[in-house]
Each structure stands twice: as C-alpha cells, then as structure tokens.
Amino acid sequence: MTLSSQTKNLLKVHQQVNVNIEPNAGWRDLPIGGVIPQAGTATQFATGDWRTIRPVWSKEKCINCHRCWLYCPDMSWISENGQIQGVDLTYCKGCGICANVCPAKVHAIEMHPEDNFKDDEVVKEG
Amino acid sequence: MAVAVETQKTAALTGNEAAAQAMRQINPDVVAAYPITPQTEIVQLFSTFVSDGLVKTEFVAVESEHSAMSATVGAAAAGARAMTATSSQGLALMWEMLYIAAGMRVPVVMPMVNRALSSPINIHCDHSDSMGARDSGWLQIYSENAQEMYDNLIQAVRIAEHPDVLLPVMVTMDGFIISHGMENVELLPDRAVQDFVGEYHFPYPLLDVEHPKTLGPLALQDFYFEFKRQQAEAVHRAKNVILAVAEEYARISGRRYGFFEAYQMDDAEYAVVVLGSTAGTAKYVIDQLRQAGEKCGLVKIRVFRPFPGPELSELLSGLKALGILDRADTFSTQGGPLYLEVKAALYHALKRPKCINYIYGLGGRDIDPELIRQALMEIKDLGSEQADGVGPIVRYLGVRE
Ligand code: SF4
Ligand code: SF4
C-alpha cells in the first residue's frame, strides 16, 4: 500500500498516540473522535510539503536584523550566536512572510517556485 | 422555588421549571446559554440558582447561541460537565457547533424546547427545530410532559457520559404546551440525583495539564471516515446504555422508561405513532375508543436518536393499519420525519401494516381529541378488508382547506 506524504504525516501523529497503530489501522484502533492524547505532535507533521514557493537566502546581503526569524510562523529560520544561519525547510510552507519583512533595501530573501528545485530532497523526513 | 429538595416531593411545576430543577440537582460545572422563547425561563431560573449559591456552576452569559454551544463544547473538552439550553432559531444558530460537539464526542446535555422555525415568525410548538438536527449526531429524547422532561434530563447525563457513548444528548419538550403548562412533578431528593449522575470524568480533559492533548484536530481523506464510523458505532452502543440507565433510574424513581411507550398495543389492530405532548391527548382518545370496543393503540417514541427501528418493527408489523403523526414536515413530498423513520423500520418486516402520515400542529396549531379521533377512524378504515388502496399517503390534519 502506497501512502501519500499526508497519510505518513498523520500516521506519525497517531503513532505517538499508540505504537500499535498500523498504517492501515481500522476505526477501532484509533483514538475516539480524533483526540491526540499527546503534546508536541505537530513536530511530526512536516508541513514543508505544502510549499509551492521557497525562500532563498543570501548570506552576503543579510544584515542579521532577525525579522525573518521573528515573523516566520513555522520557526524555520535558524539563528546561532546572533547570526542567521539559513532556513530549515522541513516546516516552511512558503508563505513568503520572511521575504516580505526582510528590509526592502536589503532584499536578502527571494521566493522561487518549487519547480526550480524539483531534483532536490525538498522535505526532510522527520 | 429556589430551595434544596431533601426528600422526594411532589411539586407543581411548569416544564421549564422542572428542567431547571433537574439542572440544579445535576449541578453541572458549566452552563453557557442565551435566552430564547420558550426556553428562556430554564436558563433564567438556573441563573438564580447560581446567584443564590445553590449550585457551584460557572454560568457564562454569552451573546448568541452559536457562542453558547461553542462555550459549552469548549468547557466539555476542558473536562467540565457542561450544559446549555435552547429552542428553535437558537438551535438553528447552533448548527455548526452541533456537529462539532458530536464529532468531538463531548457529552453535552441540552434541554431543547420545541418551537417552530421562521418564516413566518412563530413562537409556538412544532418539532421542525429538533427534527432538522436529527442527523447531527446528537442523541434525541422526546418528553411527553414535565415529569418526563425532568426524568429524561437526569438520565441524559448518564447516557451522554457513558464511555461507550460519549455523545451529546438533546432532551426535548413541547414549547408552551409543556414548557409553560403547570403539572405535578415528582422531584427526587437532591442527594439521589447527585448519586445517580455521580462524579464525572471525561477521558480526555484539556485541563489535565500533566497530559497535554489536542481535541478536534484535522483528519482528511485518510482518517475522517474512520472517525465517523466510530461515531456511528457509538450511536449503536447508546441503545444498550439507554436501557441500562433507564433500569437504574427506575430503581431510584419508580418510573420506568424504554425507547418508546406502547399504550393499549397488546391486542391493537390499528394504531398511531406520536412524539411529545400529543401522546397525552391521543391516550385520552384511545381510552374513549377502547370503551366503545375499538382495538386501537398508541406508540409514543421517546428515543428518536438512536432510532429503535427493529424494536418498533417487531411491535408494529402485526397491525392492520398505522398512522404516524408528525409535528414537522420534511418538505420532500415524502412525508414527515417520524413517518419516514417508522416506514423505513418496517420495510424489512415480513408482514407490515398500511402506513399513512399525518402532518399536524405546525406553528402550535392545536391538536384536539376530535382531530385525533378523526385520524384514528381513517386509519381503521384503511385497515379494513374493504379498503381500496391507501389513498393520500401524506395528509394534513387540522389545516384549513
Ligand atoms: S516562507 Fe513563510 S514559512 Fe517559509 S521561512 Fe518564510 S516565513 Fe517561514
Ligand atoms: S530579515 Fe532579511 S536581513 Fe533580516 S535577518 Fe532575515 S534575511 Fe537577514
């Protein structure tokens, strides 16, 4: 049985709930009403595969203002020792907020169509 | 009557007062509600119990029924025993949240006072409001009188919260006819109701911060269907629970309930099926006809969801003719909702009566004994050997032609 990445993601969530849940688990084996009786399971849901446009970062142009880091709804920007290191695309949905909030004069982030990267490993499977 | 009840007592109460008393004795953790005629009095009385310190309930005065049900569902998800109450347009405004309550499997209990839906604007009784919600996933229990409203409401808590069920329950009574009509009601002692409903433990309370969880998450093509299958199963399982709870309730109250009440059905050849207060009037007519030697009977449906199809089929299949009285229309040309359910239940019976439908009492139009007698005579004729065909299947009883 081949599974969509969506199914895999959902199953990861459910496997957190009950290790006995198989990919083809029947209704008797699922938590009542879709309850997820555990916290933090969103980390299992690699929302990066929703992305149609991808942020591309220029280290040279970046002035480390951290606006991208602050505004990204998926906490995809990586900062170490006060320095932006780049973007982790695992959860990046390609909303483009980072490119919008990056100061216009700096323009260190550009959004590019995912098609341009189709040979890449687009989503890191968690 | 804002006092505690220590021993079993008889009180003269309206249906609304009886419902409010049941809620006081249940003493829920949260009640979130918005006023609407003819339900207003239930929540108004209950709010005085709150301010008088007779209950420990957190009372949330919301700005609409959409919010009332949202807050109630939220409270239930948090782990609270949560209730609200509504009527007619209020139920209509709760629509979205009705399905959410059922899908999230939160055992909310709600008194629902039946009233016609607009338009035209009407505040009086018919069943179009709750009948519209019949496929929302809520269990539905209909009450003939104030006593049944009281008894059903107390039992509903246990039914809803049973781990095999975990579904919301709406308990209805007829607007004004019952909600504002005063009768003698036997109240159980507060202690007995408290012991009966017991302490409540929701299996997935959000307020259990040691075990954080998510309720009502996303489930798409891959899982949604399984959750709906679970839900359907819970409705099936509710049947046993309803009977077990009724049995236990009979032990503390002496009043016995089932899925329906069969009145004079033992040797009946023809009968009517009704919901709600009309059963009282119809029993009076049946008593009179019985004295005249007529073999007629009545079935009053108490539990409409889950619908007791096989049990009804067994009871009704031997009749010659059957009339189903609906206080709501489906506007489908196929008859009222109760008619459609009863007829569907009989389909697989080897022998089945001729069935016709009477739509009556819309917008509070009075249903008097004479109208019921007229219907019963038509049903009798239908069952006779000489009857030629069925005639009109859907008939309107008490409308001006
Ligand atoms: S595109 Fe959106 S999700 Fe992706 S890194 Fe930028 S702000 Fe975050
Ligand atoms: S918003 Fe632009 S300039 Fe600021 S840290 Fe992010 S990439 Fe660098």
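These figures come from a predicted structure and were not determined experimentally. (Residues numbered from 1 in each chain as written. Chains lettered and ligands numbered in written order. Predicted model: local features only at pLDDT ≥ 70, side-chain atom pairs only at ≥ 80, totals over all residues. Heavy atoms only, no water.)

Draft legend 1. Spotlight on the overall build of chain A. Broken down by element type, chain A carries three helices and four strands. Tracing chain A from N to C terminus, the helices and strands come up as α-β-α-β-β-α-β. When the 126 residues of chain A are sorted by exposure, 39% land in the buried category. Residue pairs at least 24 apart in sequence account for 60% of intrachain contacts in chain A once pairs closer than 6 positions are excluded. Carbon and sulfur atoms provide 51% of the accessible area of chain A, an area that totals close to 7600 Å². (Helix = DSSP H or I, 4+ residues; strand = E, 2+ residues; numbered from the N terminus. Buried < 20%, exposed > 50% of the residue type's maximum accessible area, 1.4 Å probe, protein only. Contact = heavy atoms within 4.5 Å. Areas by Shrake-Rupley, 256 points an atom, 1.4 Å probe, with all protein chains shown as cover.)

Draft legend 2. Structural detail: the nonpolar core. Residues and elements named next belong to chain B. Counting 53 residues, the largest nonpolar core has Tyr-150, Leu-153, Ile-154, Ile-159 and Val-169 as its most contacted members. Considering every element that reaches this core, the biggest residue donor is helix H7 (residues 146–161), with nine residues. With residues near it in sequence (within four places) discarded, Ile-154 still touches Ala-22, Gln-25, Ile-26, Val-193, Phe-196, Val-197 and Tyr-249. If you look at the next biggest cluster of nonpolar residues, it comprises 31 residues, including Ala-68, Leu-91, Trp-138 and Phe-202. (Core = buried A, V, L, I, M, F, W, Y, C linked by side-chain atoms within 4.5 Å.)

Draft legend 3. Just the confidence of the model for chain A, in detail. Residues and elements named next belong to chain A. Averaged over chain A, the pLDDT score is 82; the fraction of residues at 70 or greater is 75%. Note on residues 13–20: pLDDT under 50 across the span, and 17 contacts to partners over four residues away in sequence or across chains. Segment residues 121–126 is flagged for pLDDT under 50; beyond a separation of four residues in sequence, or across chains, it makes 14 contacts in the model. (pLDDT = per-residue confidence, 0-100.)

Draft legend 4. How the structure looks around the domain arrangement of chain B. Residues and elements named next belong to chain B. For chain B, the assigned domains read domain 1 (5–201 + 219–253) and domain 2 (260–397). The C-alpha centroid of domain 2 is placed 27 Å from the C-alpha centroid of domain 1. Listed per partner, the contact involves 27 residues of domain 1 and 27 residues of domain 2. A combined buried area of about 2100 Å² lies between domain 1 and domain 2, and 56% of that area is made up of carbon and sulfur atoms. Residues Glu-144 and Lys-300 are paired through a salt bridge, measuring 2.8 Å at the closest nitrogen-oxygen approach. Of all elements in the fold, only helix H6 (128–132), strand S7 (139–142), H7 and helix H9 (224–253) reach the threshold of two or more residues within the side of domain 1 that touches domain 2. Within the side of domain 1 that touches domain 2, the residues separate by chemical class into 12 nonpolar, eight polar and seven charged. (Domains from an automatic or database assignment. Buried area = accessible area lost by both parts, 1.4 Å probe. Salt bridge = Lys/Arg side-chain N within 4 Å of Asp/Glu carboxyl O. Nonpolar A, V, L, I, M, F, W, Y, C, P; charged D, E, K, R; others polar.)

Draft legend 5. The arrangement of the packing of helix H1 (residues 15–26) of chain B against helix H8 (residues 190–197) of chain B in detail. Residues and elements named next belong to chain B. The geometry of H1 relative to H8 is characterised by a closest axis approach of 8 Å and an angle of 65 degrees between their N-to-C directions. Judged by the angle between their axes, H1 and H8 are roughly perpendicular. Between H1 and H8 lies a crossing of right-handed hand. Taking contact as the criterion, the partners of Arg-24, Gln-25 and Ile-26 in H1 are, on H8, Asp-190, Val-193, Gln-194 and Val-197. Counted by class, the contact of H1 with H8 contains three nonpolar, two polar and two charged residues. (Axes fitted to C-alpha atoms, helices over the stretch in contact; angles between N-to-C directions. Parallel < 35°, antiparallel > 145°, perpendicular 65-115°, else oblique. Left-handed = near helix turned anticlockwise from the far one by under 90°.)

Draft legend 6. Here's a closer look at unusual backbone geometry. With an omega of 5 degrees, the peptide bond running from B:Ser118 to B:Ser119 counts as cis. When you line up the elements, B:Ser119 lands in the loop between strand S6 (109–114) and H6. Even without being glycine, A:Met75 reaches a positive phi, approximately 50 degrees. Relative to the helices and strands, A:Met75 resides in the loop between helix H2 (67–71) and strand S2 (77–80).

Draft legend 7. Molecular detail of the pattern of salt bridges. Residues and elements named next belong to chain B. A full pass over the atoms with the stated rule returns 24 salt bridges over all chains. Residue Lys-300 is joined to Glu-261 by a salt bridge in which the shortest nitrogen-to-oxygen separation is 2.8 Å. In this pair, Lys-300 is assigned in strand S12 (residues 296–301) and Glu-261 in strand S10 (residues 260–263), connecting sequence segments 39 residues apart. Under the relative-accessibility criterion, Glu-261 is labelled partly exposed at 26%. Across the pair Lys-380 and Glu-294 runs a salt bridge, and its minimum N-O distance is 3.0 Å. Within this pair, whereas Lys-380 is found in helix H13 (residues 369–383), its partner Glu-294 is found in the loop between helix H10 (278–291) and S12, the two being separated by 86 residues in sequence. You can call Glu-294 buried: its relative accessible area is 16%.

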